[in-house]
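Each chain, letter by letter, is given below.
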Amino acid sequence: MKIISSNHLTILILIIFLLVFIGCDRDKKESYIIIGQFACLTGSEAEFGQSQDKGVRMAVDEINNSGGLLGKKIELITEDNKGDNNETVTVVSKLINKNKITALIGEVASSRSKAAAPLCQSAKIPMITPGSTNPEVTKLGDYIFRVCFTDSFQAAVNARFAFNSLKVRRVALFIDEKNTYSTGLAEGFKLLFTSLGGEIVAEEKYSAGDKDFTIQLLRIKNKNPDAIFIPGYYSDINLISIQARNNGIKVPLFGGDGWDSEKLLEGQAKQSLEGCYFSTHVSKEDQSPQVQDFLNKFRNKYGQEPNGYAFLGYDAAMLLFDAIKRANSINGIKIKEALAQTKNFNGVTGNITMDHDRNPIKPCIIVEIKNGEFKYKETINP
Ligand code: PHE
């Protein structure tokens, strides 16, 4: 007598297969903490996005190789927003709704962090940005954090540096007018520099990606400034500096952390930016064990030099993992509370303590471009 017909057998196999499959999927979900990342892996600031990503991946690998977090492995899901605000909304919505991330890391650029923040805030997903310095970013809600200083501080550092160290009194501003980071930094600089007794003799505008800056540069030249403050991104600064020198402008140019890329000095800019300055987050000349260990690990892993955004990406990820550990939970509310309570976190970009507005209190560094290289000049404490 046949106990099981072939039809029954097929159904039975199907049921067993389904059970195993569902079981595996549940196992996977239960044994992983899913962390999202969005970054400009392509587009005009790709150098910064890729640096962020390398720093974040290094942190994830370290944690996973040392046993994971809360007994689980971290699964990192990274999306490229192509350096675009609309694309940011698309990919971050996908990470939140489809991938069900526990927390989000990104972005370096303030405008894109501002595009993502409201989505995280309303979904109660903690978000931590490595490099967005614009003050408005963390004002978008109590789930939004950063590991870098803010532009209120960075602007004041530049104003003091110009007034006290460069000893200039007449400064021209050249602003990337559609970029929140640039307009915010320029505004902050203007406030403090004039309150110190300095004068803003010209205020010219450009748009990221422009190729010809001659008209504005000549207008600036006519005002005869002692120096020009350009709070922009490295890809534009490279061209602006070459055109400034070609048009007979000899005074120092200076700016903020948007300059901090080896690509800044490509081609003729090596000469045109000689004797110029910018403020940033970390110096590779810093001999502290944190910085030197990070440098060695990074060089070994990727066979290249990190820039400041790799350091910050690493800190953003490590600080988030530390908060998850302290929260002892993957619940968004608990992680957000742990992040807010961060005190004396020993990061590779310095010691991090969150203030009441979820902004770290940390020093800023001034770099001088000397003999075609970035040279540490001074550290300015908050
Ligand atoms: N601090 C800059 C910002 O907030 C970081 C940045 C610079 C990002 C340059 C991209 C390119 O936007």
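Here the residue numbers are simple positions, counted from 1 along each chain's written sequence. Totals for whole chains, interfaces and linings use all residues, but because this is a predicted model, local features are given only for residues with pLDDT of at least 70 and pairs of side-chain atoms are given and counted only at 80 or more. Side-chain metrics rest on all non-hydrogen atoms present in the structure, leaving aside hydrogens and water.

1. Description of the sheet that holds strand S6 (residues 170-176)
Part 1: A pair of strands counts as paired when DSSP detects no fewer than two bridges linking them. Counting from the N terminus, the helices are the DSSP runs of H or I reaching at least four residues and the strands are the DSSP runs of E reaching at least two. Strand order in this open sheet of seven strands is S7-S6-S8-S9-S10-S13-S14, and the pairing throughout is mixed. The two strands at the open ends of the sheet, each matched to only one other strand, are strand S7 (199-206) and strand S14 (373-380). Averaged over neighbouring strand pairs, the angle between their axes works out to 25° when direction is ignored.
Part 2: Examined bridge by bridge, S6 and strand S8 (residues 227-229) share three bridges and lie parallel to one another. Residue pairing across strands places Ala-172 opposite Ile-228, the latter belonging to S8.
Part 3: Across the sheet, helix H7 (residues 180-195) is in contact with S6, S7, S8 and strand S9 (253-255); its angle to S6 comes to roughly 165°. Axis geometry follows a simple rule: fit a line to the C-alpha atoms, using only the stretch in contact for helices, then measure angles between N-to-C directions, giving values from 0 to 180 degrees. Residue contacts follow a heavy-atom distance rule, with two residues in contact if any of their heavy atoms lie within 4.5 Å.

2. Overview of the site of the ligand
Part 1: Around the ligand there are 13 residues in total, and Ser-110, Gly-131, Thr-133, Tyr-233 and Asp-257 lie nearest to it.
Part 2: In protein, a polar contact means a hydrogen-donor-capable atom and an acceptor-capable atom, both N or O and within 3.5 Å, with residues adjacent in sequence counting only if both atoms are side-chain atoms; elsewhere, any N or O pair within 3.5 Å suffices. Side-chain polar atom of Ser-110 to an oxygen atom of the ligand: 2.5 Å apart, as the coordinates give it.
Part 3: Within the side chain of Thr-133, one N or O atom sits 2.7 Å away from a nitrogen atom of the ligand.
Part 4: The method behind every accessible area is Shrake-Rupley, applied with a 1.4 Å probe, and residues are considered shielded solely by the protein chains displayed. Coverage of the ligand by the protein chains reaches 100% of its 320 Å² of free accessible surface.
Part 5: Method remark: on a 1 Å grid restricted to protein atoms, a set of points is classed as a cavity if a 1.4 Å probe fits but cannot get out and as a pocket if it is open with protein on both sides within 12 Å along at least five of seven lines; lining residues have an atom within 4 Å of a point. In this description, a molecule resides in a pocket or cavity if more than half of its atoms sit within 2 Å of the grid points defining it. If you map the ligand onto the pockets, it falls in the largest cavity.
Part 6: Three classes are used, and their members are as follows: Ala, Val, Leu, Ile, Met, Phe, Trp, Tyr, Cys and Pro are nonpolar, Asp, Glu, Lys and Arg are charged, and the others, Gly among them, are polar. When its residues are assigned to classes, the shell around the ligand shows six nonpolar, five polar and two charged.
Part 7: Domain borders in the structure are assigned automatically or taken from a domain database. Each of two domains, domain 1 (28-148 + 287-362) and domain 2 (152-280), supplies a minimum of three residues to the shell around the ligand. Any residue with a heavy atom lying within 4 Å of a molecule or strand is counted as near it.

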